[in-house]
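# Breakdown of the fold
One-letter residues, chain by chain:
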Amino acid sequence: MPKVSVIIPAYNAMTYLPETVESVLKQTFIDFEVLIVDDGSSDNTAEWASQLTDPRVKLVSQENKGAAGARNTGIASSQGEYIAFLDSDDLWEPTKLEKQVKCLDENSSVGLVHTWIAFVDQQGNLAGKVMTTRGEGDIWKQVVEYNPVRCGSTAMVRRCCFNFGVFDQSIRFAEDWDMWIRIAFRYSFAIVKEPLVYYREHPHNKSKNYEKLLLSLCQIIEKSFHSVTPELLYLKNKAYGRAYLHVAWKAFYCENYTRASELRQQAITCYPQLRYLKNCIRLSLLLVIHHWFSSQTYQTMQKMLRYKSW
């Protein structure tokens, strides 16, 4: 029985999947199995995976069920004591599994351990950005407000955590946040404070569909607060504020500045204290700068047009 089961959902993933799998096979910790869950791909994902010769790698094929359904199939097919999730376009540092296994082995109360994240470009080159998080301990109140596990490829989870339910397949975006909220209700979290996961930024990142992402975030918030005690309901507006701010950044990066400004205002309306957070201040300044430069450019073009017509 392997110590760790690595689950890789794959849907038309051949652009990056070989490099992703290679990063797993280069791990310093070797007692693992890899389950590539082909989620109804129309490319040659299944053909490629079936030809891998490492006996630790297994192919599981199914009709398309989405990321949550693929992870659930992987969990049901796995044998490991610990389960690690890896998106088909992300990469791991070689010591990632070793350090997370050590953490769970030494801390029986911890149900989930995650890591910091480094960003890479489409070619896998470091982008010079590292995301650090502070999600450790008994942190349900923090997790229900916002997701400290900023990338699903960082999480390693005890199998027993899924005795209380698996991923909700009705949630199409950010389904991992819903899962982490439920795990945090019963277990502590831990962090390996090193960037052991490389998050690949490319034009087809699922999270760029920010309007659908917002709908899923709202669905998760309503679900999470459906049966909480009244004294915890104050967290609900904070969660909505964080969700709107998160999606505002997505809209900004997609160059929809009007929508980014609207979402930022909705965030502050839900959670007024957000206006003082560094992340919100930075977005506000960037929106002002963009608006100012856009206005200057527009005025310059108008002057040029008037001059030419004269």
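Residues numbered from 1 in each chain as written. Predicted model: local features only at pLDDT ≥ 70, side-chain atom pairs only at ≥ 80, totals over all residues. Heavy atoms only, no water.

## Some words on the overall build of the chain
- Across its full length, the chain carries 10 helices and 9 strands.
- Once the C-alpha set of the chain is aligned to its principal axes, its extents read approximately 80 × 50 × 35 Å.
- Every one of the 310 residues in the chain was classed for burial, and the buried ones make up 50%.
- Approximately 15,600 Å² of the chain is accessible, and the part contributed by carbon and sulfur atoms is 54%.
- Taken together, the 36 basic and 33 acidic charged side chains of the chain have centroids lying 9 Å from each other. (Helix = DSSP H or I, 4+ residues; strand = E, 2+ residues; numbered from the N terminus. Buried < 20%, exposed > 50% of the residue type's maximum accessible area, 1.4 Å probe, protein only. Areas by Shrake-Rupley, 256 points an atom, 1.4 Å probe, with all protein chains shown as cover. Lys, Arg positive; Asp, Glu negative; His and termini not counted. Charge placed at Lys NZ, Arg CZ, Asp CG, Glu CD.)

## Quick notes on empty space enclosed by the protein
- Tallied over the full model, the rule gives 1 cavity of 30 Å³ or more.
- Estimated volume of the largest cavity: approximately 40 Å³.
- Lining the largest cavity, in full, are Cys161, Phe164, Gly165, Met179, Arg182, Ile183, Arg186 and Tyr187.
- Taken together, the residues that form the lining of the largest cavity break down as 5 nonpolar, 1 polar and 2 charged. (1 Å grid on protein atoms, 1.4 Å probe; cavity = no way out; pocket = protein on both sides within 12 Å on 5 of 7 lines; lining within 4 Å. Points joined across faces, edges and corners; volume = space filled by probe spheres on them. Nonpolar A, V, L, I, M, F, W, Y, C, P; charged D, E, K, R; others polar.)

## Observations concerning the packing of helix α6 (residues 175-184) against helix α7 (residues 210-224)
- α7 packs onto α6 with a crossing angle of 20° between their chain directions and a minimal axis gap of 10 Å. Here α6 lies roughly parallel to α7, going by the angle between them. The hand of the α6/α7 crossing is right-handed. Counting all contacts with α6, which are made through Trp177, Asp178, Ile181 and Arg182, the residues of α7 involved are Leu217, Ile220, Ile221, Lys223 and Ser224.
- Of the residues contributing to the contact of α6 with α7, the split by class is 5 nonpolar, 1 polar and 3 charged. (Axes fitted to C-alpha atoms, helices over the stretch in contact; angles between N-to-C directions. Parallel < 35°, antiparallel > 145°, perpendicular 65-115°, else oblique. Left-handed = near helix turned anticlockwise from the far one by under 90°. Contact = heavy atoms within 4.5 Å.)

## Points about the layout of surface pockets
- Empty space within the second largest pocket amounts to approximately 280 Å³.
- In this structure, the second largest pocket is lined by 13 residues; those nearest its centre are Trp140, Arg182, Phe185, Ser224 and Ser227.
- Sorting the residues of the lining of the second largest pocket by element identifies α6 and α7 as the ones contributing at least two each.
- At 3 residues, α6 tops the list of elements feeding residues into the lining of the second largest pocket.
- Its residues assigned to classes, the lining of the second largest pocket comprises 6 nonpolar, 3 polar and 4 charged.

## Observations regarding α7
- Compared with the 21 Å implied by 1.5 Å per residue over 15 residues, the 21 Å span of α7 between its first and last C-alpha is a close match.
- Among all positions of α7, only Tyr210, Leu213, Leu214, Ser216, Leu217, Cys218, Ile220, Ile221 and Ser224 are buried.
- Looking at the buried positions of α7, the neighbouring elements they touch are α5 (140-145), α6, α8 (234-253) and α9 (257-270). (Expected span 1.5 Å × (residues − 1).)

## So, the nonpolar core
- Counting 61 residues, the largest nonpolar core has Phe85, Val157, Trp180, Ile183 and Phe189 as the members making the most contacts within it.
- The element contributing the most residues to this core is α8, with 11 residues.
- Residue contacts for valine 157: discarding those within four places in its chain leaves Glu81, Tyr82, Ile83, Phe85, Gly111, Leu112, Phe162, Trp180 and Ile183.
- Counting residues in each nonpolar core, the second largest holds 34 residues, with Phe32, Ala84, Leu104 and Ala190 among its members. (Core = buried A, V, L, I, M, F, W, Y, C linked by side-chain atoms within 4.5 Å.)

## Looking at the side chain of glutamine 27
- In this structure, glutamine 27 sits in the loop between α1 (17-25) and β2 (32-39).
- Look at glutamine 27 and you get buried, because its relative accessible area is 4%.
- Aside from chain neighbours lying at most four places away, what touches glutamine 27 is Phe32, Trp92, Glu93, Pro94, Thr95, Lys96 and Leu97.

## Description of the pairing of strand β4 (residues 82-85)
- Neither face of β4 is exposed, since Tyr82 and Ala84 on one face and Ile83 and Phe85 on the opposite face are all buried.
- Note: strand β1 (residues 4-10) against β4, 4 bridges, orientation parallel. Within β4, the residue paired with valine 6 across the bridge is alanine 84.
- Summarising the sheet, β4 and strand β8 (residues 156-158) pair through 3 bridges and their orientation is antiparallel. Bridge assignment links tyrosine 82 to a residue of β8, and that residue is arginine 158. (Pairing = 2+ DSSP bridges.)

## Some words on the packing of α8 against α9
- Contact geometry for α8 and α9: axes closest at 8 Å, N-to-C directions at 165°. If you check the angle between α8 and α9, you find them roughly antiparallel. Viewed along their axes, α8 and α9 form a crossing whose handedness is left-handed. Seen from α8, the contacting residues are Asn237, Tyr240, Gly241, Tyr244, Leu245, Val247, Ala248, Ala251 and Phe252; seen from α9, they are Tyr257, Arg259, Ala260, Leu263, Arg264, Gln266, Ala267 and Cys270.
- Taken together, the residues that form the contact of α8 with α9 break down as 12 nonpolar, 3 polar and 2 charged.

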